[in-house]
Amino acid sequence: MKLGFYNDYVPGVVKGENIVDISSVIKDIPHINAQTWMAGLIENFDKYRAKIEAHVAKTEGTPLKQVKMRAPLPEPGRIVCMAGNFMENGTRKLVADRDAFLKSPSSVIGDKDTVVLPDCPAPHFHHEAETGVVIGKTAKAVSPEKAMDHVFGFVNFMDVSARGIKPNDNNSFFWGKSWDTFGPMGPFIVTKDEAGDPQKFDVLLTVNKEVRQKLNNSDMGRPVTEVVEFASWVTTLKPGDLVSCGTNHVGLSNIQDGDVIEMEITGLGKLTVNVKDEWKRTWPRKTLAQMTAFESTVRSKIGKK
């Protein structure tokens, strides 16, 4: 099942090219805002699933092209992002030490929204295409064998990053990751039974239609089950929280004003965001791999002189 919000945060289920309003079916779930409504549905999904499916089956819905999709988790209680979790196309010989960071819940935006590059001393800004794991049941120190029991589904997630800011000569995840609009998500959540094996997902990200990141989750150093194990060891995860699995950094490239970024994971739909920079800063249009190769060539030539 594909669950999300549209227009004025109306809860819906995607049915082909349409979306069906399910607010009447889940109206008795206590909520104070869209996030608590979705979290309540996720936590009690087994109770409501049959009713939702029956309603969707008899309802035509509204064409997706006529609605505005919203972030399916507008402000998760926790966004846990893995750091250095990919083998980088075999260039990393050993799995990296486990590490992660908390990204601000207010960083979240949805499909067709705008990433706003802030006025901060960053040498450049990057996109990072990641698989977002939506937690379905409270998880504390779960084992890898039990981890999927606590997963509800999956969603496209971009970990937008400001690079190279080092207050007190230290790298800062807060400076780099938690700006408003730095957490695009969507267009909907796909339940785990429909999504299939997350380790087989293909992940594609383009900037202005040019392919930048093209990877498969088989390149993860630690699979989804171990990602959930680690995150839940450090912090209790609750329904509606998001754990993001990290990215392969080889195709990372700079983003700047006017860019259109599109991201698509197998079966999870397409997430599109625009980029705005009031200061109109520009950077080289090269991937991290291209920049690394260029720098290596320069160093080699200098060494021969």
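Before reading on, note that the structure itself is shown above.
Here we summarise the structure given alongside this text. All figures in this text were calculated on a predicted structure; none of them were measured in a lab.

The subject of this paragraph is the overall build of the protein chain. Regarding its fold elements, the protein chain presents seven helices and 19 strands. In terms of overall size, the protein chain behaves like a compact globule, its C-alpha atoms giving a radius of gyration of 20 Å where 305 residues would be expected to give roughly 19 Å. Within the protein chain, the proportion of its 305 residues that are buried is 51%. Pairs at least 24 apart in sequence give 76% of the contacts found in the protein chain among residues at least 6 apart. Per element, the accessible surface of the protein chain, about 14,200 Å² overall, is 52% carbon and sulfur. Computed over 39 positive and 38 negative side-chain charges, the inter-centroid distance for the protein chain is 3 Å.

Let's shift gears to the pairing of strand β16 (residues 210-216). Pairing between strand β15 (residues 202-207) and β16: six bridges, direction antiparallel. The residue of β16 that forms the bridge with Leu205 is Gln213. Counting the residues between successive antiparallel strands, the hairpin from β15 to β16 contains two residues, one of them, Asn208, with a positive phi of roughly 55°.

This brings us to helix α6 (residues 224-234). Every buried residue of α6 is listed here: Val224, Val227, Val228, Phe230, Ala231 and Ser232. Elements in contact with the buried residues of α6: β6 (79-82), β7 (100-102), β11 (129-135), α3 (144-147), β12 (151-158) and β17 (242-244).

Here the focus is the pairing of strand β3 (residues 18-21). Where strand β2 (residues 10-15) meets β3, four bridges bridge the pair, whose relative direction is antiparallel. Bridging from a neighbouring strand, Val14 pairs with Ile19 of β3. Count of turn residues in the β2/β3 antiparallel hairpin: two residues, of which Gly16 carries a positive phi of about 65°. In this structure, β3 lies alongside strand β4 (residues 62-63), joined through two bridges in antiparallel fashion. Directly across from Ile19, in β4, lies its bridge partner Thr62.

A few words on the packing of aromatic side chains. This model, assessed by the stated rule, comprises eight aromatic pairs. Relative to Trp283, the ring of Phe125 has its centre 5.6 Å away and its plane inclined at 75°; by these criteria the two rings are edge-to-face. Of this pair, Phe125 sits in strand β10 (residues 124-126) while Trp283 sits in the loop between β19 (270-276) and α7 (288-304), and the two are 158 residues apart along the sequence. Across the pair, exposure class does not vary: Phe125 and Trp283 are buried alike. Plain terms: the ring middles of Phe154 and Phe201 are 5.5 Å apart, the flat faces sit at 90° to each other, and that makes the pair edge-to-face. With Phe154 in strand β12 and Phe201 in the loop between α5 (192-195) and β15, this pair connects stretches of sequence that are 47 residues apart. On the basis of relative accessible area, Phe201 is assigned to the buried category, the value being 2%.

All right, on to unusual backbone geometry then. Trans is the prevailing form of peptide bonds, just as negative phi is the prevailing case for residues other than glycine. Here the bond from Gly186 into Pro187 is cis, since omega is 5°, no more than 30 degrees from zero. Tracing the backbone through its elements, the reader meets Pro187 in strand β14 (residues 183-191). Despite not being glycine, Glu88 has its phi angle at roughly 55°, a positive value. If you trace the backbone, Glu88 turns up in the loop between β6 and β7. The class for Glu88 is buried, based on a relative accessible area of 10%.

Moving on: the environment of Thr287. Residue placement: Thr287 occurs in the loop between β19 and α7. Of the residues examined, Thr287 reaches a relative accessible area of 9% and is grouped as buried. Leave out the neighbours within four places in its chain, and Thr287 touches Arg212, Val250, Gly251, Leu252 and Ser253.

Right, let's get into the environment of Arg212. Summarising the element assignment, Arg212 is placed in strand β16. Given the relative accessible area of 9%, Arg212 is considered buried. Taking the C-alpha atoms as reference points, Arg212 and Lys112, separated by 100 residues in sequence, lie 19 Å from one another. If we skip the residues at most four places from it in the chain, Arg212 touches His127, Leu205, Thr206, Val207, Gly251, Ser253, Arg285, Lys286, Thr287 and Gln290. Within the local environment of Arg212, its side chain forms a polar contact with the side chain of Ser253, the two groups lying 3.3 Å apart.

Conventions we followed
- Once a new chain begins, its residue numbering starts again from 1 and follows that chain's sequence as written.
- Since the coordinates come from a predicted model, pLDDT governs what is reported: local features require at least 70, and pairs of side-chain atoms require 80 or more to be given and counted, while whole-chain, interface and lining totals use all residues.
- Only hydrogens and water are set aside when side-chain values are computed; all heavy atoms of the structure are taken into account.
- Per the convention used, a helix needs a DSSP run of H or I reaching at least four residues, while a strand needs a run of E reaching at least two, with both numbered from the N terminus.
- We take the radius of gyration over the C-alpha atoms and set the globule estimate at 2.2 Å times the residue count to the 0.38 power.
- Think of it in three bands: with a 1.4 Å probe and only protein chains considered, a residue is buried below 20% of the maximum accessible area for its type, exposed above 50%, and partly exposed in between.
- For this analysis, residues touch if any pair of their heavy atoms sits within 4.5 Å.
- Residue exposure ignores everything except the shown protein chains as possible cover, and the areas themselves are Shrake-Rupley values with a 1.4 Å probe.
- As used throughout, the charge tally considers Lys and Arg to be positive and Asp and Glu to be negative, leaving His and the chain termini uncounted.
- Where a charge lies is defined by one atom per residue type, namely NZ (Lys), CZ (Arg), CG (Asp) and CD (Glu).
- At least two DSSP bridges between two strands are required for those strands to pair.
- Between the rings of Phe, Tyr and Trp (Trp by its six-membered ring), a pair exists once the centres lie within 6.5 Å; its type follows the angle of the planes, with under 30 degrees stacked, over 60 edge-to-face, and the other angles tilted.
- Under the rule applied, a polar contact is a pair of N or O atoms within 3.5 Å (in protein, one hydrogen donor and one hydrogen acceptor; residues adjacent in sequence only if both atoms are side-chain atoms).

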